[in-house]
Amino acid sequence: MWSVEHVMSCRRLIFFIVVNEFCERFSYYGMKAVLVLYFRYFLQWDDDLATTIYHTFVALCYLTPILGAIVADSWLGKFKTIVYLSVVYTIGQAILAVSAIHDITDLDHNGKPDSMAFHVALSMVGLSLIALGTGGIKPCVSAFGGDQFEDQQEKQRSTFFSIFYISINAGSLLSTLITPILRAQECGINSQQKCYPLAFGVPAVLMAVALVVFIMGSNMYTKAAPKGNIMLEVCRCIGFAIKNRFQHRSKRYPKREHWMDWANEKYDKLLIAQVKIVLKVLFLYIPLPMFWALFDQQGSRWTLQATTMDGNFGAFKVEPDQMQIVNPLLILAMVPLVDSVVYPLTKKCGLNFTPLRRMTVGMFMAGLAFIAAALLQIQIDKTLPTFPSASQSQVKFLNLENSVLPVTVDGATYSIQPFQACQTLSFPSVPIQMEAPGRFSGRDTVCWNLSSGSRLVNGFEAEVNITAGSKDLGFIPQFGFSNYTQLPEGTSTFLISNRMGQICEYSQSLGFGSSYTLLIPGDFSFGPECAKTIRPIEDIKPNTVHMAWQIPQYFLMTTGEVVFSVTGLEFSYSQAPSNMKSVLQAGWLLTVAVGNIIVLIVAEAGQLPDQWAEYVLFASLLICVCVIFSIMAYFYTYIDPMEIEAQFAEGGPQDKEEKSKNLSMTDVIPASEDKKSEVKQSRI
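Remember, predicted model here, so these are calculated numbers, not experimental data. (Residues numbered from 1 in each chain as written. Predicted model: local features only at pLDDT ≥ 70, side-chain atom pairs only at ≥ 80, totals over all residues. Heavy atoms only, no water.)

S.K.: Please explain the state of the cysteines as it appears in this structure.
M.R.: Covalently bonding the sulfur atom of one cysteine to the sulfur atom of another cysteine gives a disulfide. Per the counting criterion, the structure on display carries 2 disulfides. Here Cys 187 is linked by a disulfide to Cys 195, with a sulfur-sulfur distance of 2.0 Å. The S-S bond linking Cys 187 to Cys 195 shows a torsion near 105 degrees; that makes this disulfide right-handed. A residue is classified by how much of its surface remains accessible, and Cys 187, at 22% relative accessible area, is partly exposed. By relative accessible area, Cys 195 is classed as buried at 5%. Listing the disulfide partners of the protein by sequence rank of the bonded cysteines yields 1-2, 3-4. (Disulfide = S-S within 2.5 Å. Buried < 20%, exposed > 50% of the residue type's maximum accessible area, 1.4 Å probe, protein only.)

Below, the structure is given as structure tokens:
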């Protein structure tokens, strides 16, 4: 029976490690939720480049766990690895937050960085450090927590892991909800812009808190010394087998049952048998990256898709990056539902719903999710303006006179009504010929490229000062115009004033994604009715497809995740040898990394003209891979690793030899030019 002091010590240990994990997951998922929008709207990258860099970052986050596991098990130990890499992680988060401060290089105070290369360089350094930190500590924290309990404390260990995984979900859920709200705020020193520094800064602070809390429990931890890394041992064993087989590739050397049997001269038969089991499972992992290629696009392509949709849910408004919260919410609801209802029902119906069959269904559901995304994208495209291609330009002409103005462009004449704009015109990116009657110096007409946001054009006889909420657009001279300004969805109030102190208040309703030009006409005058003379010209219509239509694709994807990811981890654990479960965990994480690499290859190399076509391409690839995986699963034979290990563990060496006869064959190995010896080869 444990003493009260011992129980309290365990609780304190759980507190330090669980709080650390909660803060770290909040930091990672919070930063990741707004990352693709940071690329798109702060760094001004196009959708393809933003998607490519996003998935490159995610791929690195799932490659570095292998490095972290090797460093912890072979050199520093878990505690020091977590501390050192958490410091790297915190520094990376801080650098990323600093890179998002536009005022650092905004010398002309126009709200846009003057040296974008500086911000890009800082961002890449920060993200590289974050990938190293979060990936490096990923395999260490949960294992370190398990090390705090003795063998006879199974119940306490089980409680710890339950609380541990609740903290992971709580951190990711809250951060996905909160950080988009922080991003949507406006902040800045000289000009107010979307507050990416706050959205990245809060996760940076949480990561610093995670580090401090973890170090506070240092004196109470059980710190196991490094014992060598099984992954390295497995790699050495495989490497020796390949090398030995290559050296004995002549036909005069008898074949062996399995190519790993060529490691018999140096490695124990038990290790070789365990490696065979691992390789058998890893072979099944080959098709799995395609699932992750689709799954991780929730944070990139699907978030960018949400930016072209209406997020007004009546009582509340949803930011595009907040839609990602649908996934963890559905996970919390569906995991217990599937475990307690769906699986028992299939069993009662006599269906043999094996783990590999579940994973096949999960892959198919993810493919259906992307079909749903493609159908939704087709509907969205119908509501979007036609943007110019790389070889085109678009212009719109605005008549500031109180009379019809004919304008001839490349032989085509357009009649522009008073204080109105003509339709959007597309031309090749070459000089165009324009003609208009009378004076034509850019005062009677104004042309601009289409953009997102709102702007004002002053046709009044004197300069005016414009403010929109907290944003000061400054003085606009006669026949001048402001830059497009990002404004929040809803009703925005514009204050128009002159140097004499007269003020006109004008309100304009702005929908998600809409773009307006507000024209102050020549007959404008300050007074009670001044707002009625201002002419709003709609450049881009508001988004009309509601974000709620993304819920079906999130539902299908989450359903696929529940039956694929959860089952895959369970399958890997059950099929792995007792001392090589970490090897298969590393292989599982590697499939996630490769999946993200597939996305960036398709995004850069595919260059499909329509986004819906890219969704269909991914869905088609996954369904094809799903068919291949189902065939591989059909021929897979489930095994009990403990039973196989027991055959080698019981009795002496001679008994082992006898017990492995059913799993072995005899080969003749040339040991030298004039000597041969016989050895038995075990096979699985």
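Back to the text.
S.K.: Any chance you could explain the environment of Phe 629 here in plain terms?
M.R.: Position of Phe 629 among the secondary structure elements: in helix H15 (residues 611-634). Using a relative accessible area of 0% as the deciding quantity, one classes Phe 629 as buried. The sequence separation of Phe 629 and Ile 286 amounts to 343 residues, and the corresponding C-alpha distance is 8.7 Å. With residues up to four places along the chain from it excluded, the contact list for Phe 629 reads Leu 284, Pro 287, Leu 288, Leu 356, Met 359, Thr 360 and Met 363. (Helix = DSSP H or I, 4+ residues; strand = E, 2+ residues; numbered from the N terminus. Contact = heavy atoms within 4.5 Å.)

S.K.: Even after reading the chapter, I still don't get the sheet that holds strand S12 (residues 471-476), so can you show me in this structure?
M.R.: Adjacent strands of a sheet pair through backbone hydrogen bonds, lying either parallel or antiparallel. Read across the open sheet, the 4 strands follow the order S12-S11-S13-S14; overall the sheet is antiparallel. Every other strand in the sheet has two partners, leaving S12 and strand S14 (503-510) as the edge strands with one partner each. Going across the sheet, the axis of each strand differs from the next one's by a mean of 20 degrees, ignoring polarity. (Pairing = 2+ DSSP bridges. Axes fitted to C-alpha atoms, helices over the stretch in contact; angles between N-to-C directions.)

S.K.: Mind showing me how you'd approach the side chain of Glu 24 here?
M.R.: Here Glu 24 shows up in helix H1 (residues 4-42). Setting aside residues up to four positions removed in sequence, Glu 24 forms contacts with Tyr 89, Thr 134, Ile 137, Met 207 and Ala 210.

S.K.: Can you walk me through the pattern of salt bridges in this structure?
M.R.: Oppositely charged side chains can pair when the atoms bearing their charge come close. In the structure shown here, the tally under the stated rule is 12 salt bridges. Of the charged contacts in the structure, one is a salt bridge between Arg 25 and Glu 24, with a shortest N-O distance of 2.7 Å. An identical accessibility class is assigned to Arg 25 and Glu 24; each is buried. A salt bridge links Arg 183 to Glu 319; its shortest N-O distance comes to 2.9 Å. Taken together, the residues Arg 183 in helix H5 (residues 154-184) and Glu 319 in the loop between helix H10 (301-306) and helix H11 (326-348) connect sequence positions 136 residues apart. One continuous salt-bridge network, built from bridges that share partners, spans Asp 48, Arg 301 and Glu 614. (Salt bridge = Lys/Arg side-chain N within 4 Å of Asp/Glu carboxyl O.)

S.K.: It is not clear to me how unusual backbone geometry should be interpreted in this structure. Could you clarify?
M.R.: A negative phi angle characterises most non-glycine residues, just as the trans form characterises most peptide bonds. Not every positive phi belongs to a glycine, and Gln 44 is a case in point at roughly 65 degrees. Looking at where Gln 44 falls in the secondary structure, it is placed in the loop between H1 and helix H2 (47-76). Under the relative-accessibility criterion, Gln 44 is labelled exposed at 55%.

S.K.: How should the side chain of Asp 103 be read in this particular structure?
M.R.: Tracing the sequence through the fold places Asp 103 in the loop between helix H3 (78-99) and helix H4 (116-147). Ignoring any residue separated from it by four or fewer positions in sequence, one finds Asp 103 in contact with Gly 188, Ile 189, Asn 190 and Ser 191.

S.K.: What exactly am I supposed to notice about the packing of aromatic side chains here?
M.R.: Going through the model one piece at a time under the given rule, you end up with 37 aromatic pairs. A centroid spacing of 5.0 Å and a plane angle of 35 degrees characterise the contact between Phe 39 and Trp 45, whose relative ring orientation is tilted. Neither Phe 39 nor Trp 45 differs from the other in exposure class; each is buried. Ring geometry for Trp 292 against Trp 588: centres 6.0 Å apart, planes inclined by 85 degrees, an arrangement best described as edge-to-face. Linking Trp 292 in helix H9 (residues 289-295) with Trp 588 in helix H14 (residues 581-606), this pair joins segments that are 296 residues apart in sequence. Like Trp 588, Trp 292 is buried. Among the aromatic residues, ring-to-ring pairing joins Tyr 38, Phe 39, Phe 42, Trp 45, Tyr 196 and Phe 200 into one connected group. One cation-aromatic arrangement involves Arg 40 over Tyr 41; the distance from NZ or CZ to the ring centre is 5.4 Å. (Phe/Tyr/Trp six-rings, centres within 6.5 Å; stacked < 30°, edge-to-face > 60°. Lys NZ or Arg CZ within 6 Å of the ring centre and 35° of its normal.)

Treat this as a map of the structure, not an account of what it does.
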